[in-house]
Amino acid sequence: MFRFLAITFSLLLLLAIAGAGGALYLLWHFGRDLPDYQQLAHYEPPVTTRVYAGDGRLVAEYASEKRTFVPISAMPQRVTNAFMSAEDKNFYRHPGVDWTGIARAVIVNLRNLGGDRRPVGASTITQQVAKNFLLTNEVSLDRKIKEALLAFRIERAFSKDHILELYLNEIYLGFGSYGVAAAAMNYFNKSLDELTIAETAFLAALPKAPNNYNPLRNPQAAVERRNWVIGRMFDDGHITRAEAEAAMREPLALRRRAETEVVREGDYFAEDIRRELAARFGERVLYEGGLSVRSTMDPRLQAIATRALREGLMDYDRRHGWRGPVTRIEISGGWPQRLSEVARPRGALPSWETAVVLSTDAKGAEIGLRGGTRALIPFSEMNWARPWLEGQRVGRAPRSAADVVQPGDVILVEAVRKGLDGKDLPEGSYTLRQIPDVEGALVAMDPHTGRVLAMAGGFSFQRSQFNRATQALRQPGSAFKPLVYLTALDKGFSPSSLVLDGPISLSQGPGLPLWTPSNYSRDFLGPTTLRVGMEKSRNLMTVRLAEAVGMDDIAEYAEKFGVTDRLPKVLSMSLGAGETTVLRLTSAYAMMVNGGKRITPTLIDRIQDRQGRSVYRHDQRDCEGCLSEHYTNQGMPHLPDTREQLADPRSAYQMVSILEGVVLRGTGRRIAELGRPIAGKTGTSNNVHDTWFVGFSPDLAVGVFVGFDEPRTLGSRETGGTVAAPIFKDFMAEALKDQPATPFRVPPGIRLVRVNADTGRPAQPGDRNVIWEAFKPENVPTADMSPSVLGGDVFPSFDNYGYGLDVLPAPTEGGFSVEISPAAPSEGVPMVSQPQPDFQQPQAPPQPAGIYTQQPVPGGPSGGYAWPAPAASPPPVAVPEAGGLY
C-alpha cells in the first residue's frame, strides 16, 4: 500500500511538474510577441473632425469612423449596467478572465452539442478590449490564449473604469455607429442620459452581431435579443420586475436622427478647408484627430454668393442659346417607367426635375414628370432658347415650342410661380432649364482682416470639385490696371496727371512685327487724366504709364500685393496678360480699400485639437487684458495694428476714389444703381476668354470671374461689364441690404479739391462735370497750371526732391531700345520688355517752396524746363482722418 501511494504521488508530482513546465512554455511561447498593451494608457480613438461656420453652424464633418467620445464618468449607470449584464456581469470581480463564466459556457455548449445553436462564448469585456485594440478577429486557439494573457496584463495595468471606458467608446454597434454615444443618436436620436431601459437594453444587445439584430431587416430577432438583455438586467438586480415587464412591452421604435443644421451650398469652401487641414496636419489627423475648426464663413453671405453666381451663369447661358435635350425616350406607352430610368444629369440643381416632352402647341409644351404627372411649360418660359452656334453665337428666335423641343425629348425643368419676365404664371407651371457649360467663381472677404466670408467656386460642386476661386489661373485683363495706377500714384503722379491716349507701336525685336496695342473702343481721347483713363479703361494710356513708371516697380507692387509670385517685367503685363486667381486679385483690391496694409486671406479663424487646445490662430496678435475673468472697471483691451504698410495710404485712397469713379461714370456704371459707396474695375482678356469684376464697399471686398474651363471666347459682345458685373451687383445688393451706407474712409494728408472731371484742372464757373478730387498736399493743382502730357516728348522723373522732367525723343525718332521676351505667358497680348532711354536725361532744378503744378514748364535751364512761380489757387479742403474697422 505504501509503495502504491509512493508511486501514485510520484506520478502526480511528475505530472504537476510537466504541467507547470508546459504552462511556463505556453506563457513564454505566446507571451513573447504580444502587442504592447501600455498604448491603451493614452487611448485616443478616431474622432470626427468638424468644421463650423462663423455663427457656429456645422459646415462639414471628416471622419474614418464617426464617433463621439464620452468619458466613463459622464455615462449613465443604466448604460454601463446594461452592457455588463449582456456581456460580462462579473466584470468588477474577475481578474480579466471569468473562470465561472468559462465553466458555464462549457456546460451550455455540451448540452447543445449536436444541435444547430451557435456555441456560447465566455469572453470578458477585458478580453474584448484586448481583441478589439491589440489583436485580430481570427477564430483560433492561439488568438484566444493571447487574448487571455493580454487580459490579465491589462487588468494589472489599468483600472476597471478605464477598461470599461475603452470598451464602450470603441465597439461597433451598426448603423455606422462607433461607440455607445453615436449609436444612441443614430438609432434613437437621443443622448445617453435620455435613453429608456428598453432602448439601453437594445444597444447592449448589439455587440455580439449588429447585423443580425438590425431592427429594419430582422425586427423580431432584435426584439427577442433586447428582451433577453432586459431579463439579464432584472436577474442582476439593476431594474425591478415592473420596470422589466414595462420595458419588454415597449415597441422597438427607431427615430431618424434629426438633421443637424448644416450650412448648405458651402461645398467649395469646405473642400478648400479640407485641403488646407490635410496639408497642415496630414490625412490621419484630419480624419481621426477630432479637430474643431472655426471657419471664417458667413452663412448668409455664402448663400447669397452661391445664388448670385448661379443665376448670373444661367443668365449668360440663356443669352447664348439652347444646346438641346438631355436625351430622348419613346413615349408611345409606359413613358413614366422609361423616364424613371434616365439618370439625373450631374450638376442639376436640387429643385430641378427631369421631364419628358409629350406634345407641343401654341401655348407651350406639355411635359410628363416622374410618377406620371403632367404639367405645362408656357412658351414664354422657352422663348429664350435660340439654337446655339459655334463661337457662342445663336440662331433665330423660336416662334413656337416646336422650334425648341420635340415629343420624346428628356429635358430639365423647374416649378416656378414667376416667369423669366417677372410676371406671375398659372399654378403648376414649369420653366425650361439648362446646365450652363460656362463656369465662374465669386469670393467675398473682409478687407481689414483677410477673412474670407463667402466663396463659390463653380456652378455645382457635384459636377466639378475644381475650385475656380483658388485653383484656376486666369488672365485678369484690365482688372490688373489698378496695380499699375497705384504704383504711379506712389511714384508722384496724381489723379489729374495727363497721359496721352494715342496710337503707340513698339518693336518686339529683329524680324518680329511691331506690337501695337489698342483700346477696346478702337478710338483715342488724346491727353487724358489718369482718372478718366481708369474710368474708361484705356489700354494705350496704361501702356504709356507703365513705360514711364517702370515694369520693375509695377512687378514689385503686384508681388507684394499678392497678385502673383513673380510677374514678368514686360509691358504686356500692365494690361493683365499675366495670370492670377480670384482670391489673390480680390485680396489685392482689399489691400487698397484698407489703406494699403497687408492682409493674408484665410478661410480659418482657429483650430482646436480634441482636448480643446488651440493649435492654430489666424490672428496672432497678443491682447493684454482679453483674458480677464472679472470686470473691475478696467478699460477696453487694445489690439495693436501690426499689418505691414505696403503703399502710401494717401495713394491707396486716391486709387479707391478713382475706382469709385469707374462705378459712377465708367465701365462699371451699372453698379451705381445700388446707390451706395462702391468702387471696382471690370476686366476682359483678349478674345473675351476671361471676364472679371473686382470691387469693394468700405468693409466688403468682392471678386467675380466668369469663363470656360477650357478657355474659348464668351462671345463678341460680352465683357466684364456685361457678364461679371451683374453678378457682383446682385451679390452686393443683397449683401449690403439694410446696412448703413458707409462712405470710404479718408486718411490724413488728403485734400479734396473741386476739379473738372474731364481735364483734372480746378473747377471754373460754368463747368458741369465737376467732382471732388483727392490730392496729396504737395501736388494740388492751381487754376493757371501749364499742363504737361505724358506720351510724346515729356516723361516725369522721380528724383529725391520732387517732380522734375526727363526729356526723351518721340518713339518715331528711334530713341527706344525694345526687345521681345523669349516666350509669352499665355495667349493674348505679346510681351514687350521695358523701353530704355539711350541718352543722358537732363533734369529740372529743385522745386522751390510752395504749391506748384506737377510738371515744370518750358523756358528754363537744364533741358529747357523750369518751375513756374507759385500761383494762387482756391484753398483745398482738408479732410480729417476717419475711423476704420480692423
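These numbers were taken from a predicted model, which means no experiment stands behind them.

Further remarks concern the sheet that holds strand S2 (residues 58-62). Consider a sheet: its strands pair through backbone hydrogen bonds, and that pairing is either parallel or antiparallel. Sheet architecture is open: five strands sit in the order S2-S1-S3-S16-S17, paired in mixed fashion. Two strands lie at the open edges of the sheet, namely S2 and strand S17 (614-617), each paired on one side alone. Taken over all neighbouring pairs, the strand axes of this sheet differ in orientation by 15° on average, direction set aside. In this structure, strand S16 (residues 604-608) lies alongside S17, joined through three bridges in antiparallel fashion. Within S17, the position partnered with Arg606 by the bridge is Arg617. Along the sheet, helix H11 (residues 267-281) makes contact with strand S1 (49-52), S2, strand S3 (292-295), S16 and S17, crossing S16 at roughly 50°.

So, about the pattern of salt bridges. Scanning all chains against the criterion turns up 48 salt bridges. Note that Asp424 is salt-bridged to Lys418, the shortest N-O span being 2.7 Å. Lys597 is paired through a salt bridge with Asp641; the nearest N and O atoms lie 2.8 Å apart. With a gap of 44 residues between them, Lys597 in the loop between helix H19 (582-593) and S16 and Asp641 in the loop between S17 and helix H20 (649-665) connect regions that are remote in the sequence. A relative accessible area of 36% means that Asp641 is categorised as partly exposed. Among the charged side chains, a network of salt bridges with common partners joins Glu271, Asp272, Arg274 and Arg275.

Now for a nonpolar patch on the surface. There is a patch of nonpolar side chains on the surface, built from Ile7, Phe9, Leu11, Leu13, Leu14 and Ile17 and spanning about 630 Å² of accessible area. For Ile7, the position within the fold is in helix H1 (residues 2-31). On the basis of relative accessible area, Ile7 is assigned to the partly exposed category, the value being 47%.

Within the largest apolar cluster, 90 residues are counted, with the highest numbers of intra-cluster contacts made by Leu545, Phe561, Met655, Leu659 and Phe696. Of all hydrophobic cores here, the second largest spans 46 residues; its members include Val79, Ile163, Ala183 and Ile239.

If you walk through the whole model with that rule in mind, you get 15 aromatic pairs. Between the aromatic rings of Tyr268 and Phe461, the centroid separation amounts to 5.1 Å while the plane-to-plane angle is 85°, which identifies the pairing as edge-to-face. One end of the pair, Tyr268, is in helix H11; the other, Phe461, is in the loop between strand S13 (452-456) and helix H15 (481-490), with 193 residues separating them in the sequence. As far as the burial class goes, Tyr268 and Phe461 line up, both buried.

Turning next to the pairing of S3. Residue alternation in S3 divides its side chains into a buried set, Val293 and Ser295, and an unburied set, Ser292 and Arg294. Pairing analysis gives three bridges linking S1 to S3, with the strands arranged parallel. Within S3, the position partnered with Arg50 by the bridge is Ser292. Taken together, the four bridges between S3 and S16 define a ladder with antiparallel strand orientation. Residue pairing across strands places Ser295 opposite Ile604, the latter belonging to S16.

How each quantity is defined
- Residues numbered from 1 in each chain as written.
- Predicted model: local features only at pLDDT ≥ 70, side-chain atom pairs only at ≥ 80, totals over all residues.
- Heavy atoms only, no water.
- Pairing = 2+ DSSP bridges.
- Helix = DSSP H or I, 4+ residues; strand = E, 2+ residues; numbered from the N terminus.
- Axes fitted to C-alpha atoms, helices over the stretch in contact; angles between N-to-C directions.
- Contact = heavy atoms within 4.5 Å.
- Salt bridge = Lys/Arg side-chain N within 4 Å of Asp/Glu carboxyl O.
- Buried < 20%, exposed > 50% of the residue type's maximum accessible area, 1.4 Å probe, protein only.
- Patch = residues over 30% accessible without salt bridge, like charges linked within 9 Å, V, L, I, M, F, W, Y side chains within 5 Å.
- Areas by Shrake-Rupley, 256 points an atom, 1.4 Å probe, with all protein chains shown as cover.
- Core = buried A, V, L, I, M, F, W, Y, C linked by side-chain atoms within 4.5 Å.
- Phe/Tyr/Trp six-rings, centres within 6.5 Å; stacked < 30°, edge-to-face > 60°.

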